Amino acid sequence: MASMVGEEEGTQRENGRLMLADGLAERGPKSLTSGSGQQVSNGFTTSTPQSPREGPGTAASSGGTASVPGGGTGSTVPMGGLRTLVVQQTSLERPRETWSKKMDFLLSVIGYAVDLGNVWRFPYICYQNGGGAFLLPYLLMAVFGGVPLFYMELALGQFHRSGCISIWKHICPIFKGIGFAICIIALYIAFYYNTIMAWALYYLLSSFRPTLPWTTCTNSWNTANCNRYMSSDHNVSWSNSSTSPAEEFYTRQVLQVHLSPGLHQLGSVSWQLALCLLFIFTIVYFSIWKGVKMSGKVVWVTATFPYLVLLVLLIRGATLPGAWRGVVFYLKPDWEKLLSTTVWIDAAAQIFFSLGPGFGVLLAFASYNPFHNNCYKDALLTSSVNCLTSFLSGFVIFTVLGYMAEMRQQDVDAVAKDAGPSLLFIIYAEAIANMPAATFFAIIFFLMIIMLGLDSTFAGLEGVITAMLDEFPHILVKRREWFVFGLVCVCYLGALSTLTYGGAFVVKLFEEYATGPAVITVVLLEVIAVSWFYGTNRFCNDIQVMLGFYPGFFWKVCWVAICPCFLLFIIISFLAFPPEVRLFDYHYPPWTTVLGYCIGVSSFICVPAYMVYHLLNARGTFKQVLYISTTINVMCSFLFKASFSSYSILLLHMLS
């Protein structure tokens, strides 16, 4: 069925419509397929029903009858002596789900980007790499690397309206393995990331008592080295062999890591943590099982509540004695450190993992946007909020660390020596215990940690769900609830190893090897496929069709050259300076490094494996298959221009 109306030249697509507009047919590549549907350059069949604002004059009619706004069927209205047309194709396919409100999308993206790493990783890396001087490389890496990648993924997802697997049939089919690799990486993240929320839930449940359990040394899990000191205890001396009640509660009661000698003997599963994780996954399931319309409502709480808590903790921390010492230590610039390569490596890695391109989440979220949504402004807004949140979290953490240093009569760097979750579950938990109204602050703090983690889990699993539903729509679309249930069960079973007595060692191993190098390599291939195979000019034309303006020279240079160099810099740095993995007093043996690399390669191997599969199953000679697999959009563009020009001339002749 087709209806023909016209007022502009070129092509523009909105919610499945193929429209003529501003001469874009000559600039941007378009494709048209015969049969039951029409396609534009994104390969998305024009199957979505009409937008309500089209009006009655643009209703589709069978048999190719022409109609114009305000005119009867078959009538034509001269517009300045010119007759142009719009071709619209409709079908009975189910329209794609969209966000209920624009704010649902923005809060979901912000909740995904702002995660636990903003609270513990950025402050630690900042003071370790020159304090205020670190902000210079951090901002440079954000402007030239992180934000362009963030913008690219939002634009790709919104234009092609597909998840991270099926989107490649529109861009470069031979790289489809990237989508499968992203899904495996997302599963690895779900295996360990939610365990940290289970720890926080354990702390939260333990906070509902007058005396917090990590403030005393009289518990069954405490040792002789436990040294209890509160702000009111002036006769307590702190030595290098002393351990705080908070440290022993975390390591001996929550993790029970003392019962495991290492990765070679993990021990039994902690039933308390298993129940906590089960509760976390139950919340996750009922938040995402119905789609983005449901999760878009949940993030109004989970994405905004952490900011309220951060503000409360910032005000409270600023009023503590010694807070100024922490702030000075956090921001005092050490410009000489900028001469170190490590600082620039840390800045690049931090901004990349903070914004989170390459995990399939931005593609999935943007695919549910209206076609003409201004994803350019969204990218700038959400990435700016993410960076500012990281900077704000530094004040929240270091005002408390300054207070701890004042109370212990130590230097701030001695207090802040622990990185990662230990910074939250030991140092910050101990500081909260020394505050007035400690129970209240403990409850809201660990509730904030849980909500920060939930947002990222919603997003990560939604990336996998969208990818699989778009790839296998006839099987999974009507069974979304059951598919999500199965996915959550797989994630829970995969996380059982992190719930053992040695589970903290597994979490550290996954964090260092399973996601970092693999996802950076995948994003590097993604940028190359989009910029060099699909073509930067074609990608920019797609953006112009959506947003009405052509990306500037800066963005093109970033996508073609700077972003690939940015990612290659991180990969080479990781290979040249592999991290020394240790946790508490446990140094990971050499065989764990081999195991870590095997886990990382297990996801990335999908890329070359699919390339081989694609080439072996395609028809024609190897040279023909390779050419079609990497230049399919060039061919579609040529076919579109030829067929559409002939079709337009014929229809215009009929109208006249």
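Starting afresh in each chain, residues are numbered from 1 along the sequence in its written order. Thresholds applied to this predicted model are a pLDDT of at least 70 for local features of residues and 80 or more for the giving and counting of side-chain atom pairs; totals over whole chains, interfaces and linings are not thresholded and use all residues. Only hydrogens and water are set aside when side-chain values are computed; all heavy atoms of the structure are taken into account.

The name given to the protein in an unreviewed UniProt entry is Transporter, with Anabas testudineus as the source organism. UniProt positions are given in the numbering used here, feature names are shortened, and annotations may be inferred rather than shown by experiment. Recorded under Subcellular location (unreviewed entry), the UniProt text for the protein is reproduced unchanged: "Membrane". Quoted straight from UniProt, the Sequence similarities (unreviewed entry) entry for the protein says "Belongs to the sodium:neurotransmitter symporter (SNF) (TC 2.A.22) family."

(A) Region of interest: the overall build of the protein. Looking only at helices and strands, one finds 25 helices and six strands in the protein. Buried positions account for 59% of the 656 residues belonging to the protein. Long-range contacts, defined here as pairs at least 24 residues apart, represent 80% of the contacts in the protein between residues at least 6 apart. Where accessible areas are quoted, they stem from the Shrake-Rupley method and a 1.4 Å probe; at the residue level, only the protein chains shown are allowed to cover. Of the accessible surface of the protein, which amounts to about 26,800 Å², a share of 65% is contributed by carbon and sulfur atoms. Secondary structure counts use DSSP, requiring at least four H or I residues in a row for a helix and at least two E residues in a row for a strand, with both numbered from the N terminus. Accessible area is worked out with a 1.4 Å probe on protein chains only. A residue is then buried under 20% of its type maximum, exposed over 50%, and partly exposed in between. Working rule for contacts: check all heavy atoms of both residues, and any pair within 4.5 Å makes them a contact.

(B) Just the UniProt feature "binding site: Na(+)" (unreviewed entry) in the protein, in detail. As annotated by UniProt and renumbered to match this structure, "binding site: Na(+)" (unreviewed entry) occupies Gly111, Ala113, Val114, Asn118, Ser354, Asn386, Leu452, Asp455 and Ser456. Look at the named residues: they lie 346 residues apart in sequence, but the longest C-alpha span between them is just 13.6 Å, so in the fold they bunch up. Of the residues annotated just before, the largest cavity has Gly111 and Asp455 among its lining. With respect to the helices and strands, the residue Val114 is situated in the loop between α2 (102-113) and α3 (116-128). Only protein atoms enter the 1 Å grid, on which a cavity is a set of points fitting a 1.4 Å probe that cannot get out and a pocket is an open set with protein on both sides within 12 Å along at least 5 of 7 lines, lining residues being those with an atom within 4 Å of a point.

(C) Layout of helix α19 (residues 480-494). What a helix is expected to span follows from its residue count: subtract one and scale by 1.5 Å. Here α19 is 15 residues long and its end C-alpha atoms lie 21 Å apart, about the 21 Å a rise of 1.5 Å per residue gives. Three or more residues of α19 are buried, namely Arg480, Phe483, Val484, Leu487, Val488, Cys491 and Tyr492.

(D) Region of the structure containing helix α17 (residues 438-471). An ideal rise of 1.5 Å per residue puts 50 Å on 34 residues; α17 measures up with 50 Å between its terminal C-alpha atoms. Of all 34 residues in α17, 30 are buried, a share of seventy percent or more.

(E) Spotlight on a nonpolar patch on the surface. Together, Leu136, Leu140, Val143, Phe144, Trp335 and Phe554 line one region of the surface with nonpolar side chains, adding up to about 530 Å² of accessible area. Residue contributions to the nonpolar patch peak at four residues, all from helix α4 (residues 135-160). Structurally, Phe144 can be placed in helix α4. Every patch collects residues that have over 30% relative accessible area and no salt bridge, joining them within 9 Å if they carry like charges and within 5 Å if they are nonpolar side chains (Val, Leu, Ile, Met, Phe, Trp, Tyr). Whenever Lys or Arg places a side-chain nitrogen within 4 Å of a carboxyl oxygen from Asp or Glu, that contact is recorded as a salt bridge.

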